[in-house]
Amino acid sequence: PKILFDYCRAALGAQPNETFKVIHLNSRFRVIDLQTLSEGTIDRAAVYPRRVIEEALKRKASTIVIVHNHPDGNITPSDHDKTLTRTLVLAAKTLNITVFDHIIVSKDEVFSFRSQGLL
C-alpha cells in the first residue's frame, strides 16, 4: 500500500481545493480507471454515494478505493468522512463491490481507514 499512499499524496496532497477521486479495480486488483468525481472548495467536496456506485458499475469494478485530500493539512477524518465511508461500504456491499480503503491525504501525510481499523 505504500506505493498507493505515495501516489495519492503526490496526486492530491498539494491541491488547493478538496478533490474526491475513486480508483476502480478489477477482481485481480488491477486498476481499471482513476476518476475524479468531485472538485470542491478549500474544505468540502460534494460526493454522492449513488454516483460513486453507478460509476463503479459502469466500469465493472469489483473493488474501489476512495481518495480525497484535506488542503488544510489535517488528515484526521471528519464525522462526514466517516459517515460517507460507512454509507459507501454498505451500498457497495449490496452489489458485491468492495470498498478496499478510504485514503485522506495532505501534502505531507496520509490517513488510511483500512490501516487504522476503520474498514
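What counts and what doesn't
Residues numbered from 1 in each chain as written. Predicted model: local features only at pLDDT ≥ 70, side-chain atom pairs only at ≥ 80, totals over all residues. Heavy atoms only, no water. Helix = DSSP H or I, 4+ residues; strand = E, 2+ residues; numbered from the N terminus. Buried < 20%, exposed > 50% of the residue type's maximum accessible area, 1.4 Å probe, protein only. Contact = heavy atoms within 4.5 Å. Pairing = 2+ DSSP bridges. Axes fitted to C-alpha atoms, helices over the stretch in contact; angles between N-to-C directions. Core = buried A, V, L, I, M, F, W, Y, C linked by side-chain atoms within 4.5 Å. Polar contact = N/O pair within 3.5 Å; in protein donor to acceptor, adjacent residues only side chain to side chain. Salt bridge = Lys/Arg side-chain N within 4 Å of Asp/Glu carboxyl O. Parallel < 35°, antiparallel > 145°, perpendicular 65-115°, else oblique. Left-handed = near helix turned anticlockwise from the far one by under 90°. Nonpolar A, V, L, I, M, F, W, Y, C, P; charged D, E, K, R; others polar.

Asker: Explain the environment of Ile75 residue by residue, including any values.
Answerer: Structurally, the position occupied by Ile75 is in the loop between β3 (63-69) and α3 (79-93). The exposure class of Ile75 is buried, given its relative accessible area of 11%. Spatially, the C-alpha atoms of Ile75 and Thr94 are 29 Å apart, while their sequence positions differ by 19 residues. When residues no more than four places from it in sequence are discounted, the contact partners of Ile75 are His70, Ile104, Val105, Ser106, Glu109, Val110 and Phe111.

Asker: Any chance you could break down the sheet that holds strand β1 (residues 19-25) for me, citing the residues and the numbers?
Answerer: Ordered by their spatial adjacency, five strands build an open sheet running β2-β1-β3-β4-β5, and the pairing between neighbours is mixed. The sheet is open, and its two borders are formed by β2 (31-39) and β5 (110-112), each paired with just one other strand. In this sheet, adjacent strand axes meet at a mean angle of 20° when their direction is disregarded. By the bridge criterion, six bridges tie β1 to β3 in an arrangement that is antiparallel. Bridge assignment links Val22 to a residue of β3, and that residue is Ile66.

Asker: I'd like a description of the nonpolar core, backed by residues and values.
Answerer: Within the largest apolar cluster, 15 residues are counted, with the highest numbers of intra-cluster contacts made by Phe20, Val22, Val52, Ile64, Ile66 and Leu88. Listed by contribution, the elements that provide at least two residues to this core are β1, α2 (49-58), β3 and α3. One finds Cys8, Ile23, Val65 and Val67 within the second-largest nonpolar core, a separate group that totals nine residues.

Asker: Pulling in residues and values, what's your account of the side chain of Glu55?
Answerer: Note on placement: Glu55 falls in helix α2. Only 2.5 Å separates the side chain of Glu55 from the side chain of Arg59, close enough to count as a polar contact.

Asker: Report on the pattern of salt bridges, specifying residues and quantitative values.
Answerer: This model, assessed by the stated rule, comprises five salt bridges. Taking the shortest distance from any N to any O, the salt bridge between Lys58 and Glu55 comes out at 3.3 Å. Here Lys58 and its partner Glu55 are both found in helix α2, three residues apart, which amounts to about one turn of the helix. Each of Asp33, Glu55, Lys58 and Arg59 takes part in one network of salt bridges that share partners.

Asker: An account of the packing of α2 against α3 is needed here, citing residue identities and associated values.
Answerer: Relative orientation of the contacting elements α2 and α3 amounts to 40°, with a least axis distance of 10 Å. The orientation of α2 relative to α3 falls into the category oblique. Crossing of α2 over α3 shows right-handed handedness. Of the residues in α3, those in contact with Pro49, Val52 and Ile53 of α2 are Leu84, Thr87, Leu88, Ala91 and Ala92. In terms of residue class, the contact of α2 with α3 is built from seven nonpolar, one polar and no charged.

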